[in-house]
Amino acid sequence: MSDRHISEHFETLAIHAGNTADPLTGAVVPPIYQVSTYKQDGVGGLRGGYEYSRSGNPTRTALEENLAALEGGRRGFAFASGLAAEDTLLRTLLSPGDHVVIPNDAYGGTFRLFAKVASRWGVEWSVADTSDPAAVRAAMTPRTKAVWVETPSNPLLGITDIAAVAQVAHAGGAKLVVDNTFATPYLQQPLALGADVVVHSLTKYMGGHSDVVGGALIVADEELGEEIGFHQNSMGGVAGPFDSWLVLRGTKTLAVRMDRHSENATKVADMLSRHPRVSSVLYPGLPEHPGHEVAAKQMRAFGGMISFRVTDGEEAAVSVCDRTQIFTLGESLGGVESLIEHPGRMTHASVAGSLLEVPSDLVRLSVGIENADDLVEDLKQALDK
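Let me begin by describing the structure that accompanies this report. Since this is a predicted model, take the numbers as computed values, not measurements. (Residues numbered from 1 in each chain as written. Predicted model: local features only at pLDDT ≥ 70, side-chain atom pairs only at ≥ 80, totals over all residues. Heavy atoms only, no water.)

Considerations on helix α8 (residues 222-235)
Put simply, the test is: Each helix is a run of DSSP H or I of at least 4 residues and each strand a run of E of at least 2, with the numbering of both proceeding from the N terminus. To estimate the expected span of a helix, count its residues, drop one, and scale the result by 1.5 Å. Accessible area is worked out with a 1.4 Å probe on protein chains only. A residue is then buried under 20% of its type maximum, exposed over 50%, and partly exposed in between. By the convention used here, residues are in contact when the closest approach between their heavy atoms is within 4.5 Å. Whenever a nitrogen or oxygen atom comes within 3.5 Å of another N or O atom, the pair is scored as a polar contact, on the condition that within protein one atom can donate a hydrogen and the other can accept it, and that pairs from neighbouring residues in sequence are kept only if both atoms are in side chains.
Helix length check: α8, at 14 residues, gives a terminal C-alpha distance of 20 Å against a target of 20 Å (1.5 Å per residue), a fit within 8%. Three or more residues of α8 are buried, namely L224, G225, I228, G229, H231 and Q232. Tucked inside the fold, the buried residues of α8 contact α2 (58-71), β1 (75-79), α3 (82-93), β5 (175-179), β6 (197-201) and β7 (215-219). Of the residues that open α8, the one with a side-chain oxygen 3.2 Å from the backbone nitrogen of E223 is D221. With its phi angle positive at about 85°, G236 sits one or two positions after the end of α8.

Observations regarding the pairing of β1
Note the cut-off: DSSP-based pairing: two strands are paired if at least 2 bridges between them are found.
The element β1 is largely enclosed, with a buried count of four among its five residues. In the sheet, β1 pairs with β7 via five bridges, with the strands oriented antiparallel. If you follow F77 over to β7, its bridge partner there is L217.

Points about the sheet that holds strand β9 (residues 305-310)
For clarity, the cut-off: Only C-alpha atoms enter the line fits that serve as axes; for helices the fit covers just the stretch in contact. Angles between N-to-C directions range over 0 to 180 degrees.
Taking strand neighbours across the sheet as the criterion, the five strands line up as β8-β9-β12-β11-β10 in an open arrangement whose pairing is mixed. Either end of the sheet is taken by a strand with one partner, and the two such strands are β8 (278-282) and β10 (328-329). Bridge count between β10 and strand β11 (residues 339-341): two bridges; the pairing is parallel. Looking at the pairing, T328 lines up with L339 of β11. The strands touched by helix α12 (residues 314-323) within the sheet are β9, β10, β11 and β12 (362-366), with β9 carrying the most contacts at an inclination of about 130°.

A closer look at the environment of L329
Residue placement: L329 occurs in strand β10. Residue L329 is classed as partly exposed on the basis of its relative accessible area of 43%. Taking C-alpha positions, L329 is 5.0 Å from I340, a pair spaced eleven residues apart along the chain. When neighbours within four sequence positions are excluded, L329 is seen to be in contact with C321, D322, I340, E341 and M346.

In structure tokens:
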């Protein structure tokens, strides 16, 4: 029996939802069921509903119940990667000839999935500035089945008013999909604001320790959940038991980590906004950010992701990435350690030459939970050399 409604408080849910004590031993941490198949109680008699681990695994079930509880959804689904989750969702929602509105600032892998994979399957897409509901409405067609949103977006930290765009999408007969990877369910609850599906790269903040790759979908509608469950089993890109266990461990500390990520990022953004070699800072926690008021309305805090542009161009941005000592040069984000990267040459190289191309002088930070003063000083020395 799920205990996901044991509390209304996020911190309690994060630790207890899906984490029932093992009935055999009383272990307080769910076991890793590293198993492919299960003994049946007679032909067709499935013990606990399990028959084969692609279709269901108790460790993955624990994680999926935890994810659903944290996002306030009815069903959660765990996948081998964020893109495996996205691909499964596209095949669930869309047929050849359907249309999707995607943001003009999106993760490069998501853009590649639409532009290089889904388009060959007959799915059409167009780009809109999702921070402007009117632009989303203008981009929709009678064949639009989904509006895709990232907020905050990757890598320009754009903010979309989820409730406003949900109204636009639903008025046009489309579902709203929100990638909540940057915010996490601790900082933002898209389903409560009108979204139909939440997408996560569990690799990032949900896992939180740069030691696992995973993805998730969470839905509020039971019927849509049944359809996604069918496609998850049919396509098979599921999270393995050990990966599920690692993410389940990570979600227990999500709240305290996100508080620290947000606190540190605020201090880093404040320093960068005053540095003479920085031309602009993209962080929704800054009052001058164009999406600050919307972010303050729909987020608990502003998260640990910052992007900034340097005054001396692309090579200067690359040099800053090379000179940090505490910030590690690397792709991905959301771990306890701070990371730095050049999106144009790294995570977003796939959008070069497209409407989603990112500025060449842009640097992206994933601000970790180290001492904030150390992080500030590290960036200062990298910028000042």
